[in-house]
Amino acid sequence: MTKIAPSILSADFAKLGEEIKEVEDAGADYIHVDVMDGHFVPNITIGPLVVEAIRPITNLPLDVHLMIKNPDAYISAFAEAGASIITVHQEACLHLHRTLQLIRSYGVKPGVVINPATPVETIKPILTEVDLILIMTVNPGFGGQSFIQETTSKIKQLADWRKEYKLSYEIEVDGGVNEKTAGICTASGADVLVAGSAIFNKEDRQKAIETLREKARS
Ligand SMILES: O=C(CO)[C@@H](O)[C@H](O)COP(=O)(O)O
Ligand SMILES: [Fe+2]
């Protein structure tokens, strides 16, 4: 079954704990945490202190998406704060194998992310190093943007490589995922759908998650 990872970027930060509990009760699989530094992306969000604060609130894995320059300098802080998965951008890493191995050395699942304009071939050399690959379907930095359709060929390529090389990474998509685009993602081979506005901007979060799952199936 397709996994759903609500992105707390679109949650009400004044009641973040309640928002997280609500999506957990509504059937979410991961809690997606968007970390932005104002350099790699034109926005600033949250840091390890918030990850530490939300860790005891939920039993779900914390899927920490680092949109920051020089991620190596902050991996220990996010690992110690309780991240379950840490994804780093290929575009932000000078020595990608080293960064992914550093994440794993803390007992955290390593993942890599690529922006919409980055070819999927750029991560072919590190496929054996990751537990998850995140395909950005918008340019990172903000919630509520429109899905970039051209990115779906990358999802398909990753699914083909996984089969060909007998690997087991999960394929996650992030950005503009909603009831109209969920089906395109899963038909291309996505296993995990990140959704911010399509869940937190809805009154009934359970219905929003169920709708995404239903669209993912069809
Ligand atoms: O990483 C990001 C944005 O950079 C995402 O995780 C967004 O938070 C997704 O928001 P929606 O497009 O689903 O509203
Ligand atoms: Fe994200």
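The present account deals with the structure reproduced in this document. As the structure is a prediction and not an experimental result, all values here were calculated from the model.

### Comments concerning the site of ligand 1
Taken together, 23 residues form the shell around ligand 1, and within it Ser7, Pro140, Gly143, Gly196 and Ser197 come nearest. Mapped by element, the contributors of at least two residues to the shell around ligand 1 are strand E2 (31-36), strand E3 (62-67), strand E8 (192-195) and helix H7 (197-200). Split by residue class, the shell around ligand 1 holds nine nonpolar, 12 polar and two charged.

### Here we look at the pairing of strand E4 (residues 85-89)
Counting buried positions along E4 yields five of five residues, so the element is predominantly enclosed. Side chains Ile85, Thr87 and His89 project from E4 onto one buried face, and the interleaved Ile86 and Val88 project onto a second face that is buried too. Two elements, E3 and E4, share four bridges in a ladder whose sense is parallel. Within the sheet, the bridge partner assigned to Asp63 lies in E4 and is Ile85. Handedness of the E3-helix H3 (residues 75-81)-E4 crossover: right-handed. Pairing analysis gives five bridges linking E4 to strand E5 (residues 109-114), with the strands arranged parallel.

### So, helix H8 (residues 205-217)
Relative to the 18 Å expected for 13 residues at 1.5 Å per residue, H8 spans 19 Å between its end C-alpha atoms, a close match to the ideal helical length. Burial in H8 covers these residues: Arg205, Ala208, Ile209, Leu212, Lys215 and Ala216. The buried residues of H8 all sit within an arc of 130° when viewed along its axis, so they share a single face. Residues of H8 that are exposed and point more than 90 degrees away from the buried face comprise Lys207 and Arg217. Contact partners of the buried residues in H8: strand E1 (3-6), helix H1 (16-25), helix H6 (182-188), E8 and H7.

Cut-offs applied
Residues numbered from 1 in each chain as written. Chains lettered and ligands numbered in written order. Predicted model: local features only at pLDDT ≥ 70, side-chain atom pairs only at ≥ 80, totals over all residues. Near = placed C-beta within 6 Å. Helix = DSSP H or I, 4+ residues; strand = E, 2+ residues; numbered from the N terminus. Nonpolar A, V, L, I, M, F, W, Y, C, P; charged D, E, K, R; others polar. Buried ≥ 20, exposed ≤ 12 C-beta atoms within 10 Å, placed from the backbone. Pairing = 2+ DSSP bridges. Right-handed = clockwise from strand over helix to strand, strands pointing away. Expected span 1.5 Å × (residues − 1). Arc of directions from axis to C-beta. Contact = placed C-beta atoms within 7 Å.

Worth remembering: the numbers are spatial, not functional.
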